[in-house]
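Residue strings, one per chain:
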Amino acid sequence: MALTARRVAAPTARTSAIRPAFCRAVPRRSIVVRAEAGAANDDTFKSVVLESKVPVLVDFWAPWCGPCRIIAPLVDELAKEFSGRVKCVKINTDESPNVASEYGIRSIPTVMVFKGGKKLETIIGAVPKDTLKQTIQKYL
């Protein structure tokens, strides 16, 4: 994070002589990051994944998992690439333990492909984008 230096005029009621200029809050533009893959949880899993009319790629992840952070942008890219033909969904296993235990998630990241309400394939670990892409193409 870069420090922003400012020239400071004599202290007034609005400024403080105690805090140096580089310690004052500087308004910055907010950056919005939009994930392409949707999210699901224990409550929405059935409607979002099992009742979907298109194949669904489900990424089981957790925020503390390093390999999950590696695979997350790949899932977002695939969601964009297969938009309309495949639905990509991310499930945080810490927040949705029921779905994770129901499908026997023991290691993360785990990616599963569902079609017609049935689990068709499971991929465990951080894998290359091409592996995920080939898996999706098998079920289109």
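The numbering scheme is per chain: residues are counted from 1 as the chain's sequence reads. With pLDDT at 70 or above as the cut-off, local features in this predicted model cover only qualifying residues; side-chain atom pairs require 80 or more to be listed or tallied, and sums for whole chains, interfaces and linings still use all residues. The basis for the side-chain values is all heavy atoms of the structure; hydrogens and waters are excluded.

The name given to the protein chain in an unreviewed UniProt entry is Thioredoxin domain-containing protein, with Volvox africanus as the source organism.

A.B. asks: I tried to follow the overall build of the protein chain on my own but got confused; where do I start?
C.D. replies: Where helices and strands are cited, they refer to DSSP runs of H or I of at least four residues and of E of at least two residues respectively, numbered from the N terminus. Counting its regular elements, the protein chain contains four helices and five strands. Listed N to C, the secondary structure of the protein chain is β-α-β-α-β-α-β-β-α in terms of helices and strands. Burial classes follow relative accessibility: with a 1.4 Å probe on protein chains only, a residue under 20% of its type's maximum area counts as buried, one over 50% as exposed, and anything between as partly exposed. Per-residue burial over the protein chain gives 36% buried out of 140 residues. Contacts are residue-level and defined by heavy atoms, with any inter-residue pair within 4.5 Å sufficient. In the protein chain, the share of contacts with a sequence separation of at least 24, taken over all contacts with a separation of at least 6, comes to 68%.

A.B. asks: What am I meant to see in the nonpolar core here?
C.D. replies: The nonpolar side chains of a soluble globular protein tend to be buried, and buried together. Among buried residues, the Ala, Val, Leu, Ile, Met, Phe, Trp, Tyr and Cys ones that are joined through side-chain atoms within 4.5 Å form a nonpolar core. Ranked by size, the top nonpolar core spans 19 residues in total, and within it F45, V49, V58, F60, I91, I108 and F114 carry the most contacts. Among all residues touching I108, those that are not within four sequence positions of it are F60, W61, A62, W64, C65, C68 and T93. Core analysis: the next-biggest nonpolar cluster, separate from the first, contains 17 residues, I71, V75, V111 and V127 among them.

A.B. asks: Honestly, the sheet that holds strand β4 (residues 110-115) in this entry has me stumped. Any pointers?
C.D. replies: Strands pair, by our definition, only if DSSP identifies at least two bridges between them. Sheet architecture is open: five strands sit in the order β1-β3-β2-β4-β5, paired in mixed fashion. The outermost strands of the open sheet, each flanked by one partner alone, are β1 (38-40) and β5 (118-124). Neighbour-to-neighbour, the strand axes of the sheet open up by a mean angle of 30°, direction not taken into account. Looking at chain direction, strand β2 (residues 56-61) and strand β3 (residues 87-92) are connected through six bridges and run parallel. Across the sheet, D59 pairs through a bridge with K90, a residue of β3. Sheet strands touched by helix α2 (residues 66-81): β2, β3 and β4. Its angle to β3, the strand with the most contacts, is close to 155°. Throughout, an axis means a line fitted to C-alpha atoms (over the contacting stretch in the case of helices), and angles, computed between N-to-C directions, take values from 0 to 180 degrees. The strands touched by helix α4 (residues 129-138) are β2, β4 and β5; relative to β5, the strand with the most contacts, the crossing angle is about 165°.

A.B. asks: Could you clarify how one ought to interpret α4 in this entry?
C.D. replies: Because each turn of an α-helix spans 3.6 residues, side chains separated by three or four positions end up pointing in the same direction. Those residues of α4 lying buried are L132, T135 and I136. Each buried residue of α4 lies within a common arc of 100° when the element is viewed along its axis, so the set occupies one face. More than 90 degrees from the buried face of α4, the exposed residues found are D130, Q134 and K138. Each element contacted by the buried residues of α4 is listed here: β2, α2, β4 and β5. Of all possible arcs, the one meant is that of the directions from the helix axis to the C-beta atoms.

A.B. asks: Mind showing me how you'd approach the pattern of salt bridges here?
C.D. replies: Salt-bridge detection follows one rule: a side-chain nitrogen of Lys or Arg within 4 Å of a carboxyl oxygen of Asp or Glu. Tallying each qualifying case throughout the model produces five salt bridges. Among the salt bridges present, the one from K129 reaches E77, with a minimum N-O distance of 3.0 Å. Remark: E77 occurs in helix α2 and K129 occurs in helix α4; sequence separation between them is 52 residues. Note that K138 is salt-bridged to E121, the shortest N-O span being 3.0 Å. Note that K138 is positioned in helix α4 and E121 in strand β5, a separation of 17 residues in sequence. Here the salt bridges share partners, and the residues they tie into one network are E77, E81, K129 and K133.

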